[in-house]
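Geometric and topological summary
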Amino acid sequence: MNKILQVRNLSKEFKGFKLDNISFSMEKGFIMGFIGPNGAGKSTTIKLIMNLLRKDAGEILVFGKDHIRHEKEIKNRIGFVYDENYYYEELTPLQMKRVVAPLYKNWDDNTFTNYMSRFELPLNKQIKDLSKGMKMKYSLAIALSHNADLLIMDEPTSGLDPIVRRELLDILTSVSREENKGVFFSTHITSDLDRVADFITFINEGKIVFSSAKDDVLENYCLVKGANGLIGEEEKRNFIGIRESRFGFEGLAVDRKKIRKMLGESIVIEKPTLDDIMLYFARRNQDA
Amino acid sequence: MLSLMIKDIYLLKRTMAFSVLYLVFMLFVFSSLDNAAGVFTFCMVAIIHMLMVSSCALDEKNKSDVILNSLPLSRQVIVGARYLMVIIYMLFAVAVYGLGTWVIGMLNMIPDLYYITLDGLIGAFLASSVITGIYLPFYFRLGYIKSRIYYFILFFGLFFGINLLVSKVITENTVLSRMGSFLAEQNDTVVGIITAGAAIAILAISYGISLRIYKKREF
């Protein structure tokens, strides 16, 4: 069994939000994109995996082991990058490395030095004086320098310019493909995942909508476009979400054969993007 | 644990440098007081507490609980490192005080300086343990900003409470007054051992409370 992350029936309730009985799993050597709108429960799930929040119910297994009972062992094998810098801003990257490195059993100073020079990061400048992109790269350098088997990243690309984002995605791809590591990567910028993700888990309002191979997701769903008069209330029930304007309608559906049979040749069926899928699911919940 | 202690030393380099000036300032301000041993204890507690609070403030500013709890560190170690740092701060404060009084003594700037004694050290250790022992559970429960308010209320409550305790309760309570008489009858070594034991016990109890609190914290 190569499952490096298993989340089973996980629940956590806050005032005004509930992560509701979610389950998904991922395997070694793949990148899983964890998508959902803001406030859907992505960060909560990641914090639960990292034991920064206490779960109300459910089970989290990392490398097949309970994430609390084997916490130290598991965290030795996890590299993390969060949406903002949490390293001490008053320290330099070198000082921070000296604090962090002895905590990891498999810390590799050469790898760290290589990443620092590849990312062109200064060793002796205070972290607070680094740009957002540099801080993120520094977090990534730390995450990649202790031979972690799983990288957990919470919105690492938010606020980064396209060049740094692209660079990050390239690194994640090479880490996953060449080093056989797992990458669990939350984002609401789904275009990042179009290029790199193997699997997609979509969370909306605290519930998992789907967790499947990206190609299956893009294959299973279809974006339907047509003239306004083509669909009535009966037909609309076959759509996950629908958007109408005076120029026509556009909707997301699952069964393209059924849609084609129902609406004939006068419609256009396209492959949706992850953005389309997220948008229509989110809209359906808002309308409900 | 050593990593976390090194981290605090990196973070507090400036505060440590400042504490040297602060000590010299305190020595001059309190030079007219008769109670030289009291001045020593006050200087020790002030420096230790300043370093402790500065470290907590920087941790809160950097939201460091997120990183610390994402690293392969147990919560026991995170809490324990804070308590062990009290000893490091104490060693630093003693070194600063020793150096400060030596230089000031050489220059003969303040007459009747209090030079460090073992009794004084143990007393300062007890006082620092009480202050730290009260402060840290509040810090681990509420964080730096919120804990300050509760801590000040409790600290001054305790300060005046001790006066009340000494003036009223001890003299009226036979168990406590017997305890006082017992200590008065002992030689310095026994009193020193009991005082140091009490300081360690206070830190140990406080650590237990802090750990219990911190294990339930969410970040």
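About the thresholds
- Per chain, residues are indexed from 1 in the order of the written sequence.
- Chain letters and ligand numbers both follow the written order, the letters beginning at A and the numbers at 1.
- The model is predicted, so local features are restricted to residues of pLDDT at least 70 and side-chain atom pairs to those at 80 or more, both for listing and for counting; the totals for chains, interfaces and linings are taken over all residues.
- Side-chain measures here rest on the full set of heavy atoms in the structure, leaving out hydrogens and waters.
- Each helix corresponds to a stretch of at least 4 residues labelled H or I by DSSP, and each strand to a stretch of at least 2 residues labelled E; elements are numbered beginning at the N terminus.
- Throughout, exposure labels follow a simple rule: accessible area from a 1.4 Å probe, protein chains only, divided by the maximum for the residue type, with under 20% read as buried, over 50% as exposed, and the rest as partly exposed.
- Any N or O atom pair separated by 3.5 Å or less is treated as a polar contact, with the protein-specific requirement of one donor-capable and one acceptor-capable atom, and with residues adjacent in sequence counted only for side-chain atom pairs.
- Residue contacts follow a heavy-atom distance rule, with two residues in contact if any of their heavy atoms lie within 4.5 Å.
- Accessible-area loss on putting two parts together, using a 1.4 Å probe and summing over both, is the definition of buried area adopted here.
- We define a salt bridge as a contact between a side-chain nitrogen of Lys or Arg and a carboxyl oxygen of Asp or Glu at a distance within 4 Å.
- To get an axis, fit a line to the C-alpha atoms, keeping to the stretch in contact for a helix; angles then go from 0 to 180 degrees between the N-to-C directions.
- Our angle categories are set so that under 35 degrees counts as roughly parallel, over 145 as roughly antiparallel, 65 to 115 as roughly perpendicular, and the remainder as oblique.
- In this scheme, a crossing is called left-handed if the near helix is turned counterclockwise away from the far one by less than a right angle; it is called right-handed if the turn is clockwise.
- Gly is placed with the polar residues, together with every amino acid not listed as nonpolar (Ala, Val, Leu, Ile, Met, Phe, Trp, Tyr, Cys and Pro) or charged (Asp, Glu, Lys and Arg).
- Helices are assigned an expected span. That span is 1.5 Å times one less than the residue count.
- The pairing criterion for strands is at least two bridges between them, as found by DSSP.

Attention shifts here to the side chain of Lys12 of chain A. Within the fold, Lys12 of chain A resides in strand S1 (residues 3-14). The class of Lys12 of chain A is buried, set by a relative accessible area of 6%. Among the polar contacts made by the side chain of Lys12 of chain A, one reaches the side chain of Glu218 of chain B at a distance of 2.5 Å. Ignoring sequence-local partners within four residues, the contact set of Lys12 of chain A consists of Phe17, Lys18, Leu19, Thr44, Leu48, Arg54, Lys55 and Asp56 of chain A together with Glu218 of chain B.

With that settled, the discussion passes to unusual backbone geometry. Residues and elements named next belong to chain A. Phi is positive for Asn51, close to 60°, though the residue is something other than glycine. Secondary-structure assignment places Asn51 in the loop between helix H1 (42-49) and strand S4 (57-62). The phi torsion at Glu205 lies on the positive side, around 50°, for a residue other than glycine. Assignment of secondary structure puts Glu205 in the loop between strand S9 (199-204) and strand S10 (207-213).

Moving on, we get to the interface of chain A and chain B. Listed as interface residues are 28 residues of chain A and, on the opposing side, 26 residues of chain B. Regarding the contact of chain A and chain B, the summed buried area is about 2600 Å², with carbon and sulfur atoms giving 61% of it. Summed over the three residues of chain A that lose the most area to chain B, namely Leu52, Tyr86 and Tyr88 of chain A, the buried surface amounts to 29% of that side. Across the chain A-chain B interface, the total number found is three salt bridges. Between Lys63 of chain B and Glu84 of chain A there is a salt bridge, and its shortest N-O distance comes to 3.4 Å. Inspection of the chain A/chain B interface yields 17 residue pairs in polar contact (both at pLDDT 80 or more).

Bringing the packing of helix H4 (residues 109-118) of chain A against helix H5 (residues 132-143) of chain A into the picture now. Residue and element names in this part refer to chain A. Remark: H4 packs on H5, axes separated minimally by 9 Å, with the N-to-C direction vectors making an angle of 160°. Between H4 and H5, the crossing angle belongs to the class labelled roughly antiparallel. Judged by the sense of rotation from one axis to the other, the crossing of H4 with H5 is right-handed. Judged by residue contacts, Phe112, Tyr115 and Met116 of H4 engage Tyr138, Ala141 and Ile142 from H5. Among the residues forming the contact of H4 with H5, the class breakdown is six nonpolar, no polar and no charged.

Another aspect to go through is helix H3 (residues 36-61) of chain B. Under the 1.5 Å per step criterion, the end-to-end length of H3 of chain B is 37 Å for 26 residues, consistent within 8% with the ideal 38 Å. Directly beyond the C-terminal end of H3 of chain B, a positive phi value near 50° is found at Lys63 of chain B.

Strand-to-strand pairing in sheets goes through backbone hydrogen bonds, with the strands running parallel or antiparallel. Taken together, the four strands give an open sheet; going across it, the order is S2-S1-S4-S5 (chain A), and neighbouring strands pair in antiparallel fashion. Two strands bound the open sheet, and with one partner strand each, they are strand S2 (17-27) and strand S5 (65-66) of chain A.

Inspection of the sheet shows S1 of chain A paired to S4 of chain A by five bridges, in the antiparallel sense. Counted as the bridge partner of Ser11 of chain A is Ala57 of chain A from S4 of chain A.

The subject of this paragraph is the environment of Gly16 of chain A. Within the secondary structure, Gly16 of chain A sits in the loop between S1 and S2. Through-space distance from the C-alpha of Gly16 of chain A to that of Ile35 of chain A is 21 Å; in sequence the pair is 19 residues apart.

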